[in-house]
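Coordinate analysis (summary)
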Amino acid sequence: MAVWNIDVAAARAVISTTAASVAGLDAPLAKMQTAVEGIAGAVPSAQVQEALGALVETGMVPATKAVMERSTAVLTGTSEAISHYANGDLAMASTAAASAATVHGPRSGLQ
């Protein structure tokens, strides 16, 4: 079994700061989507408009949302592991840490 020596307060602070950063991605994503849509509207070419629309709908937005979802899952699992560790349940902490280390997203093979 692994030997753990975790500064619980520092770990929780890092998790909290990181969670706030992940949650803060919604606004920039919306701004980026609006900007690309604005560019598409200003370009007279239907092909360019279609390509920019595809960028938003099938590329940028789904990819960013996937990163946000996976990040949230990792943060949740890590937070659970820290809580178990703080409560002295090292077996549960180890299980939660292992779960947090393996996050499966929409793209197979990514961990």
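Notes on the structure in this doc start here.

Quick notes on the rules
- Residues numbered from 1 in each chain as written.
- Predicted model: local features only at pLDDT ≥ 70, side-chain atom pairs only at ≥ 80, totals over all residues.
- Heavy atoms only, no water.
- Helix = DSSP H or I, 4+ residues; strand = E, 2+ residues; numbered from the N terminus.
- Rg over C-alpha atoms; globule rule 2.2 N^0.38 Å.
- Axes fitted to C-alpha atoms, helices over the stretch in contact; angles between N-to-C directions.
- Parallel < 35°, antiparallel > 145°, perpendicular 65-115°, else oblique.
- Left-handed = near helix turned anticlockwise from the far one by under 90°.
- Contact = heavy atoms within 4.5 Å.
- Nonpolar A, V, L, I, M, F, W, Y, C, P; charged D, E, K, R; others polar.

1. Some details on the overall build of the chain
When helices and strands are tallied, the chain shows four helices and zero strands. The N-to-C order of helical and strand elements in the chain reads α-α-α-α. By the compact-globule yardstick of 13 Å for 111 residues, the chain is too spread out, its C-alpha radius of gyration being 19 Å. In terms of overall dimensions, the chain has C-alpha extents of about 65 × 30 × 15 Å along its principal axes.

2. As for the packing of helix α1 (residues 8-23) against helix α3 (residues 46-86)
Close contact between α1 and α3 brings their axes to 10 Å; oriented N to C, the two are set at 165°. Viewed along their axes, α1 and α3 adopt a mutual orientation that is roughly antiparallel. Two packed elements cross with a definite hand, and for α1 against α3 that hand is left-handed. Facing V8, A11, R12, I15, T18, A19 and V22 of α1, the residues of α3 in contact are M68, S71, T72, L75, T78, S79, I82, S83, Y85 and A86. Looking at side-chain class alone, the contact of α1 with α3 contains ten nonpolar, six polar and one charged residues.

The values reported here are purely geometric and, on their own, carry no functional implication.
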